[in-house]
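# Descriptive analysis of the structure
The lines below spell out each chain.
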Amino acid sequence: MNIYVLMKRTFDTEEKITISGGQINEDGAEFIINPYDEYAVEEAIQVRDAHGGEVTVVSVGNEEAEKQLRTALAMGADKAVLINTEDDLDYSDQYTTAKILAEFLKDKEADLIIGGNVAIDGGSGQVGPRVAELLGIPYVTTITKLEINGSDVKVVRDVEGDSEVIETSLPLLVTAQQGLNEPRYPSLPGIMKAKKKPLDELELDDLDLDEDDVEAKTKTIEIYLPAQKAAGRVLEGELTDQVKELVSLLHNEAKVV
Amino acid sequence: MARKVLVLGEVRDGSLRNVSYEAIGAAKTVAEGGEVVGVLLGASVSNLANDLIQYGADRVVVVEDEKLEQYTSDGYAQGLLAVIDSEQPEGIIFGHTSLGKDLSPKLASKLDSGLISDVTGIEVAGGNIVFTRPIYSGKAFEKKIVTDGIIFATVRPNNIAPLEKDESRTGDVTSLSVEIKDLRTIIKEVVRKATEGVDLSEAKVVVAGGRGVKSEEGFEPLKELANVLGGAVGASRGACDAEYCDYSLQIGQTGKVVTPDLYIACGISGAIQHLAGMSNSKVIVAINKDPEANIFNVADYGIVGDLFEVVPMLTEEFKKLKVNA
């Protein structure tokens, strides 16, 4: 089975966020594989181990993403591809990323493409379904279970807490929801092996794409931090009085009840 | 510049979801005086058209087909593309729900357009429609505009004000016949796990439990409080990992993002992971035994105490308030 994973390197949002020069300040911040993409990498490895084939992890970004691609290789992926847009693109959106990925994937005869359902930095969740549409293949988002039998696929999809059992077929794109699996940590031998696994780097030219072909359709005009919240009030006194006071505050002051 | 804007009315259990009325509110801003056209897809949904009109849609287009009874991206995309083809809108607004998240990127891709997802605010500024949306798990915000093509956005539930319902409003309801075919994903079964009643992502009040709830039974007092307030129950990752409740209740960086009017955190320490899912709630109440718990740093009101004492007392007080109201 020919399996591709769409992976994004993201800012760890557990980090403190600051802004400098109108941009999120990335200096010294920790970067990780987008947590939902980790589920995707793990699932791809499990599917390959059960059905045979090869797992290729693809990322659109800059050369810094090599580190996260190596981590995916250390987890057990076979190959990695970095599509480096640093020199070509000043600004990109989900339209851009999806077009680049689809252009890369169109002649790869992928049976299964797995991504995370959303990236924790941008938070749009668009790229997976966009890529599937551009490739003309079906997709199922936010999956918590994947069963493959020949070309038949049974998927369980999380729909705001309910589960849908869906039948579909390969080729297919799915996006991972929490609960799909428990991503493994790279083992030491895995890390050693990963150093020798192929990591190819491509640019837009290699995909016969011009900047104009992938020009963003949206633009960010401002980034800002939320207003600092005033310090909260911890109530005091007898517990029964505190409860009465709280209800009164919520009713009369905050007016939310 | 007046625009024609389409709004998808999302149907759940035979009625329209609140977020669809909020989407109409958003569409009014985008339309800048132009027409707002509601769209309904389903097996038998035309009876809901008037609700869309009373909440501000100027008219409604209905596409009815047995194959649209359940949502599939293929079926809904075919229905909507037919409507888009006949209406030629300049804007499209969906709710940022499970359905909206799944469908909007496919449609945007078909239309070769941009898409601004998970919008929490809309304004007209400097000749542009400017959308505000949270990024980095709500720790920052960005303002975005569409630079080319249709203005397409999904709005997060509970953030954009709907218009007042006006029962005297009238408008045309037309039906469009579309052949829905070749569905590549088939829904075999729907397993209902989510709490009956109020939907967590749309709830105006959320009562959430953490590790301090200690057991599955420990969620009972929280459920009672949520019931009295007409709210929903949520949980921290810790409570889910400890199997006190289903992962469908999880609020956080992984899990659901909620922005209710009132969030009551019970026995939740306030890990950053959890805050990412709820810190933009309008009013936050923290109940925790540990006065040093991080949750008090984001709370508007806090009670230091045992949730098993405080929560039932709160339930009683709110009951009294409801009786007196």
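Residues numbered from 1 in each chain as written. Chains lettered and ligands numbered in written order. Predicted model: local features only at pLDDT ≥ 70, side-chain atom pairs only at ≥ 80, totals over all residues. Heavy atoms only, no water.

Our working rule: UniProt positions are given in the numbering used here, feature names are shortened, and annotations may be inferred rather than shown by experiment.
Named according to an unreviewed UniProt entry, chain B is Electron transfer flavoprotein alpha subunit originating from Anoxybacillus andreesenii. Within the UniProt record for chain B, the comment given under Sequence similarities (unreviewed entry) is "Belongs to the ETF alpha-subunit/FixB family."

As recorded in an unreviewed UniProt entry, chain A goes by Electron transfer flavoprotein subunit beta and comes from Anoxybacillus andreesenii. The UniProt entry for chain A carries the following comment under Function (unreviewed entry): "The electron transfer flavoprotein serves as a specific electron acceptor for other dehydrogenases. It transfers the electrons to the main respiratory chain via ETF-ubiquinone oxidoreductase (ETF dehydrogenase)." Its UniProt record gives chain A a comment under Subunit (unreviewed entry), which states: "Heterodimer of an alpha and a beta subunit."

### Digging into the overall build of chain B
We apply this condition: By the criteria applied, helices consist of DSSP H or I runs no shorter than four residues and strands consist of E runs no shorter than two, each listed in order from the N terminus. For the radius of gyration, the atom set is restricted to C-alpha positions; the globular benchmark scales as 2.2 Å times the number of residues to the power 0.38. Three exposure classes are used, based on accessible area relative to the maximum for each residue type with a 1.4 Å probe and protein chains only: buried under 20%, partly exposed in between, and exposed over 50%. Method for areas: the Shrake-Rupley scheme with a 1.4 Å probe, in which residue coverage is limited to the protein chains shown.
Within chain B, the secondary structure is distributed over 9 helices and 18 strands. Relative to its length of 325 residues, chain B is compact, with a C-alpha radius of gyration of 21 Å against a globular reference of 20 Å. Of all 325 residues assigned to chain B, the portion counted as buried reaches 61%. Put simply, chain B shows about 12300 Å² of open surface, and 45% of that area lies on carbon and sulfur atoms.

### Thoughts on the overall build of chain A
Inclusion rule: Working rule for contacts: check all heavy atoms of both residues, and any pair within 4.5 Å makes them a contact. Positive charges come from Lys and Arg alone, negative charges from Asp and Glu alone, with His and the N- and C-terminal ends not counted. One atom stands in for each charge, and that atom is NZ of Lys, CZ of Arg, CG of Asp or CD of Glu.
If you tally the helices and strands in chain A, you get 6 helices and 15 strands. Its C-alpha atoms put chain A at 65 × 45 × 40 Å along the principal axes. Taking the intrachain contacts of chain A between residues at least 6 apart in sequence as the baseline, contacts between residues at least 24 apart amount to 70%. Carbon and sulfur atoms make up 43% of the accessible area of chain A, which totals about 11700 Å². Taking the average place of the 25 positive charges on the side chains of chain A and the average place of its 52 negative ones, the gap between the two points comes to 4 Å.

### Some thoughts on helix α4 (residues 98-110) of chain B
Residues and elements named next belong to chain B. Heads up, the rule is: Multiplying 1.5 Å by the helix residue count minus one yields the expected span of that helix. Here the bend at a residue means the angle between the axes of two seven-residue stretches, the one that ends at it and the one that starts at it.
With 13 residues, α4 extends 19 Å between its outermost C-alpha atoms, agreeing within 8% with the 18 Å of an ideal straight helix rising 1.5 Å per residue. Approximately 25 degrees is the largest bend angle found in α4, and it occurs at S104, with the proline P105 only one to four residues beyond. Counting buried residues in α4 gives 11 out of 13 residues, a clear majority hidden from the surface. Listing the buried residues of α4 in full gives S98, L99, G100, D102, L103, S104, P105, K106, L107, A108 and S109.

### Things to note about the interface of chain A and chain B
Definition in use: Note on definitions: buried area is the accessible-area loss of two parts on being combined, 1.4 Å probe, summed for both. For this analysis, a salt bridge means a side-chain nitrogen from Lys or Arg found within 4 Å of a carboxyl oxygen belonging to Asp or Glu.
Between chain A and chain B, the residue contacts involve 74 residues of the former and 85 residues of the latter. Roughly 6900 Å² is buried in total at the junction of chain A and chain B, and carbon and sulfur atoms are behind 55% of that figure. Summed over the shared surface of chain A and chain B, the number is 9 salt bridges. Two residues, E160 of chain A and R12 of chain B, come together in a salt bridge whose shortest N-O distance is 3.4 Å.

### Considering the pattern of salt bridges
All chains considered together, the criterion is met by 42 salt bridges over all chains. Among the ionic pairs, D58 of chain B bridges to R169 of chain B, the shortest N-O distance being 3.4 Å. Of this pair, D58 of chain B sits in the loop between α2 (49-54) and β5 (59-64) while R169 of chain B sits in the loop between β11 (151-155) and β12 (173-175), and the two are 111 residues apart along the sequence. Exposure remark for R169 of chain B: the relative accessible area of 25% places this residue in the partly exposed category. For the salt bridge of K106 of chain B with D74 of chain B, the shortest nitrogen-to-oxygen distance reads 3.1 Å. Here the residue K106 of chain B occupies a position in helix α4, and D74 of chain B occupies one in helix α3 (residues 73-87), the gap between them amounting to 32 residues. Three or more residues are tied together by salt bridges with common partners; here these are E160 and D162 of chain A together with E10, R12, D13, R17, R192, D199 and E202 of chain B.

### Re the pairing of β11 of chain B
For a regular strand, side chains alternate in direction, first toward one face of the sheet and then toward the other. Residues and elements named next belong to chain B. Going by this rule: Pairing between two strands requires that DSSP report at least two bridges joining them.
For β11, a buried count of 5 out of 5 residues is recorded, marking the element as mostly surrounded by other parts of the structure. On β11, burial covers both faces: I151, A153 and V155 on one face and F152 and T154 on the other are all buried. Pairing between strand β6 (residues 91-95) and β11: 5 bridges, direction parallel. Across the sheet, the residue bridging to I92 is F152, located in β11.

### A closer look at the packing of aromatic side chains
Threshold: Classification of ring pairs rests on two measures: the distance between centres of Phe, Tyr or Trp rings, Trp counted by its six-membered ring, which must be within 6.5 Å, and the angle between planes, read as stacked under 30 degrees, edge-to-face over 60 and tilted in between.
Evaluation of the coordinates by the stated rule reveals 8 aromatic pairs over all chains. Where Y4 of chain A meets F104 of chain A, the ring centres are 6.2 Å apart and the plane angle is 75 degrees; that geometry is what we call edge-to-face. Taken together, the residues Y4 of chain A in strand β1 (residues 2-6) and F104 of chain A in helix α3 (residues 94-105) connect sequence positions 100 residues apart. Classification of Y4 of chain A as buried rests on a relative accessible area of 7%. For F104 of chain A, a relative accessible area of 5% corresponds to the buried category. Here the aromatic rings of Y224 of chain A and F141 of chain B are separated by 5.7 Å at their centres, their planes lie at 20 degrees, and the arrangement is stacked. Residue Y224 of chain A is located in strand β14 (residues 218-224), and its partner F141 of chain B is located in strand β10 (residues 140-146); the two belong to separate chains. Overall, Y224 of chain A belongs to the partly exposed group, its relative accessible area being 26%.

### So, the domain arrangement of chain B
Residue and element names in this part refer to chain B. To keep things clear, this is the line we draw: As annotated, the domain borders come from an automatic or database domain assignment. Whenever two N or O atoms come within 3.5 Å, that pair is a polar contact, provided that in protein one can donate a hydrogen and the other can accept it, and provided that, for residues adjacent in sequence, both atoms are side-chain atoms. Amino acid classes used here: Ala, Val, Leu, Ile, Met, Phe, Trp, Tyr, Cys and Pro are nonpolar; Asp, Glu, Lys and Arg are charged; the rest, including Gly, are polar.
Per the domain assignment, the segments making up chain B are domain 1 (5-175) and domain 2 (200-324). Of note, the centres of domain 1 and domain 2, computed from C-alpha atoms alone, are 31 Å apart. Counting residues at the interface gives 12 residues for domain 1 and 12 residues for domain 2. Both faces combined, the contact of domain 1 with domain 2 buries some 970 Å², and carbon together with sulfur accounts for 32% of it. Counting every contact that joins domain 1 to domain 2 gives 1 salt bridge. Linking domain 1 to domain 2 there are 8 residue pairs in polar contact (both at pLDDT 80 or more). Counting residues per element, the side of domain 1 that touches domain 2 draws most heavily on helix α1 (residues 18-31), which supplies 3 residues. Residues belonging to the side of domain 1 that touches domain 2 are distributed by class as follows: 3 nonpolar, 5 polar and 4 charged.

### Comments concerning the nonpolar core
Selection criterion: Remark: nonpolar core denotes a set of buried residues (Ala, Val, Leu, Ile, Met, Phe, Trp, Tyr, Cys) joined through side-chain atoms within 4.5 Å.
Within the largest apolar cluster, 41 residues are counted, with the highest numbers of intra-cluster contacts made by V57, L112, L146 and L172 of chain A. Contact partners of L112 of chain A, with chain neighbours within four places excluded, come to M1, N2, I3, Y4, V47, L146, I148, L170, L172 and V174 of chain A. Ranked by size, the runner-up nonpolar core spans 38 residues in total, among them F219, A226, C240 and L262 of chain B.

### Focus: the sheet that holds strand β6 (residues 54-61) of chain A
Stated precisely, the cut-off is as follows: Fitting a line to C-alpha atoms yields each axis, with helices limited to the stretch in contact; the angle taken between N-to-C directions then spans 0 to 180 degrees.
The strand order across the open sheet formed by 10 strands is β13(A)-β7(A)-β6(A)-β1(A)-β8(A)-β12(A)-β9(A)-β10(A)-β11(A)-β13(B), and the pairing between neighbours is mixed. Each having just a single partner strand, β13 (199-202) of chain A together with β13 (186-191) of chain B make up the two edges of the open sheet. When strand polarity is set aside, the average angle formed by the axes of neighbouring strands in this sheet is 25 degrees. By the bridge criterion, 5 bridges tie strand β11 (residues 162-169) of chain A to β13 of chain B in an arrangement that is antiparallel. The residue bridging E164 of chain A from the neighbouring strand is V190 of chain B, located in β13 of chain B. Together, β1, β6, β8 (112-116), β9 (139-149) and β12 (172-176) of chain A form the strand contacts of helix α1 (residues 35-51) of chain A, whose direction differs from that of β8 of chain A by roughly 155 degrees. Docked against the sheet, helix α2 (residues 66-75) of chain A engages β6, β7 (79-84) and β13 of chain A, running at close to 165 degrees with respect to β7 of chain A.

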